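So the chains spell out like this:
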Amino acid sequence: MVNNKFISTVIEDEIEGSSLSSYHSIYNIKKANRVKKWMWGSLITLIVVLFLPWTQNIRAKGAVTALRQEDRPQELNTVLAGRVIKWYVKEGDFVKKGDTILQIGEVKTDYFDPELLNRTKKQIDAKQIAVEGYGNKAATAVSQMKALEEARNLKLEQLDIKLRQQNLKVISDSIDLGAVLNELAVTKRQIDAAKNMLDSGVISLVDFERRKVSYQNAVAKKISAENKFLQSKQELSAIRIEKNGTIQEYTDKIAKAQGEQFSSLSNMATGEADVAKLQNAYSNYDIRNQLYFITAPQDGQITKARKAGIGEMVKEGDMIVEIVPDKIRYAVELFAEPMDLPLLSTGQKIRFIFDGFPAIVFSGWPAASYGTFGGVIAAVETSVSSNGKFRLLVVEDPNEKPWPRELRMGGGASGIALLKDVPIGYELWRNINGFPPEYYKPVKGEELKASKEK
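Nothing here was measured: the structure is a model prediction, and the numbers come from that model.

Across its full length, the protein holds seven helices and 14 strands. The 454 residues of the protein split such that 30% are buried. Restricting the contact set of the protein to residue pairs at least 6 apart, pairs at least 24 apart contribute 78%.

And the structure:
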């Protein structure tokens, strides 16, 4: 058997010596191969790329909102139950603060009277007049009490004078009675002596009878003086009784006047309470009349009208329309995963891609991205939301280009939180092993302070 290798060599020699150019064009025999060079070049390029810087980041989805609560879309509700009378605006209209949006009519029979305010005002006036009357009556009772006290004092002064006079009269009668008793004692001794002398015959019967008459006159004087003295004492007791009666009489009159005063004051207080109640009702009626016209609480656009036709009924607290304020400081609410929350803090930089605005994004090279917008984290909520994520509020970065004016509430936004710069090789190794990004605390400099103040 002939050696195959020998045969191949012979054939190749014959072909090389021949003029078959097509063979030489197709088969590059004995030519240098460049695959090794390409492999070494690719390997070196890959190694260089592995050492290029890469900005770690966290992605989060969210929507455009307002930084302050009063700048967000708000429902406009009716306080009263009623029926639609007239619409002053339509959906899409822009209104100013205080502009009338809707007029509603009354549906409760207690407020049907068109003269309710005037009649309530008349009731208030009548009650106020009654209160003034009770006040005047109480003042009259006070004046009456003062007059009674003055009359009582004058009467008591008169009775005190009469008491002093009667006391003096009693003393005088007592002295007179004493003198008469002394005279009676003298005449008694004289009549006894005269009787002895008559029995002895020293004096005559005429002298004895003369002395006896003197004694009897003295007895009569004694009885008269004693009677006068007792009468004076009785008059003194009568004056004292009259004084006590006067005090009791005037006390009763003053108490009666005081009772009328207290009764008037009580009626006055009741009247004032009724006036206050009527004034409260009047204020409620007045405010209720103003609530028939629903006005805009702030400047904004009317959206989402819930009631339509004229005459349609509305309940208390029903939503009428929604107002979207026209002067809003926009913010973006992002929702971050719980495992990413420790890497996010107030003042950290965020890049945004807003829905509807074209952008070219290179995650690891933010400087090379186009169409993104800058933001700063203003608040990080510490409680988890209903979707299981944590909510962030991001405001416009004052040192970056301003956010588009065409932003609208509820528009979508994708946020990219920029973290630490690391080599690409390290980032690949971290993702392969499932390690979290590098944690670092951002510096809150003057830029964050200026953004908050703005």
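Still more ground to cover, so stick around.
Moving on, we come to the nonpolar core. Counting 25 residues, the largest nonpolar core has Leu-334, Phe-352, Phe-354 and Trp-403 as its most contacted members. Those elements that place two or more of their residues in this core are strand E1 (53–66), strand E10 (330–336), strand E11 (349–354), strand E12 (373–384), strand E13 (390–396) and strand E14 (412–423). Not counting residues up to four positions away in its chain, the partners in contact with Phe-354 are Val-64, Val-332, Phe-373, Trp-403, Pro-404, Leu-407, Gly-412 and Ala-413. Listed in part, the 17 residues of the second largest apolar core include Leu-80, Trp-87, Leu-102 and Ile-320.

In this section: a nonpolar patch on the surface. Side chains of Trp-40, Leu-43, Leu-46, Ile-47 and Phe-51 sit close together on the surface and give an oily, nonpolar patch of about 570 Å² of accessible area. Structurally, the position occupied by Trp-40 is in helix H3 (residues 35–50). Look at Trp-40 and you get exposed, because its relative accessible area is 53%.

Across the sheet, four strands lie side by side as E6-E5-E3-E8; this open sheet has antiparallel pairing. In this open sheet, the two edge strands, each paired with only one partner strand, are strand E6 (293–295) and strand E8 (313–314). Examined bridge by bridge, strand E3 (residues 82–87) and strand E5 (residues 100–105) share four bridges and lie antiparallel to one another. Paired with Trp-87 across the bridge in E5 is Leu-102.

One pass over the structure, following the stated rule, counts 19 salt bridges. Linking Lys-127 and Asp-274 is a salt bridge whose minimum nitrogen-to-oxygen distance equals 3.1 Å. Taken together, the residues span a long stretch of sequence, with Lys-127 in helix H4 (residues 116–200) and Asp-274 in helix H5 (residues 205–291) at a distance of 147 residues. Owing to a relative accessible area of 32%, Lys-127 belongs among the partly exposed residues under this scheme. Asp-274 gets classed as partly exposed once you look at its relative accessible area, which sits at 22%.

The phi dihedral of Lys-304 is positive, around 55°, even though this residue is not glycine. Structurally, Lys-304 is set in the loop between strand E7 (300–303) and E8.

Our focus in this paragraph is the sheet that holds strand E2 (residues 74–77). Here we have four strands laid out as an open sheet, ordered E2-E9-E7-E4, and antiparallel in their pairing. Each of the sheet's edge strands pairs with one partner strand only, and the pair in question is E2 and strand E4 (94–95). Sheet topology note: the E7/strand E9 (residues 319–325) ladder contains four bridges and is antiparallel. Within E9, the residue paired with Thr-303 across the bridge is Glu-322.

So, about H4. Compared with an ideal rise of 1.5 Å per residue, which puts 85 residues at 126 Å, H4 spans 122 Å between its outermost C-alpha atoms and is within 8% of the ideal. Count one or two residues on from H4 and you reach Gly-201, which has phi positive near 80°.

Turning our eyes to something else, we now look at the environment of Gln-158. Looking at where Gln-158 falls in the secondary structure, it is placed in helix H4. Given a relative accessible area of 47%, Gln-158 falls into the partly exposed group. As a C-alpha pair, Gln-158 and Lys-243 span 85 residues in sequence and 9.4 Å in three-dimensional space.

So, about the pairing of E5. Burial of E5 is extensive: five of the six residues sit out of reach of the surface. Here three bridges tie E5 to E6, and the two strands are oriented antiparallel to one another. Paired with Leu-102 across the bridge in E6 is Ile-294.

Definitions and limits used
Residues numbered from 1 in each chain as written. Predicted model: local features only at pLDDT ≥ 70, side-chain atom pairs only at ≥ 80, totals over all residues. Heavy atoms only, no water. Helix = DSSP H or I, 4+ residues; strand = E, 2+ residues; numbered from the N terminus. Buried < 20%, exposed > 50% of the residue type's maximum accessible area, 1.4 Å probe, protein only. Contact = heavy atoms within 4.5 Å. Core = buried A, V, L, I, M, F, W, Y, C linked by side-chain atoms within 4.5 Å. Patch = residues over 30% accessible without salt bridge, like charges linked within 9 Å, V, L, I, M, F, W, Y side chains within 5 Å. Areas by Shrake-Rupley, 256 points an atom, 1.4 Å probe, with all protein chains shown as cover. Salt bridge = Lys/Arg side-chain N within 4 Å of Asp/Glu carboxyl O. Pairing = 2+ DSSP bridges. Expected span 1.5 Å × (residues − 1).

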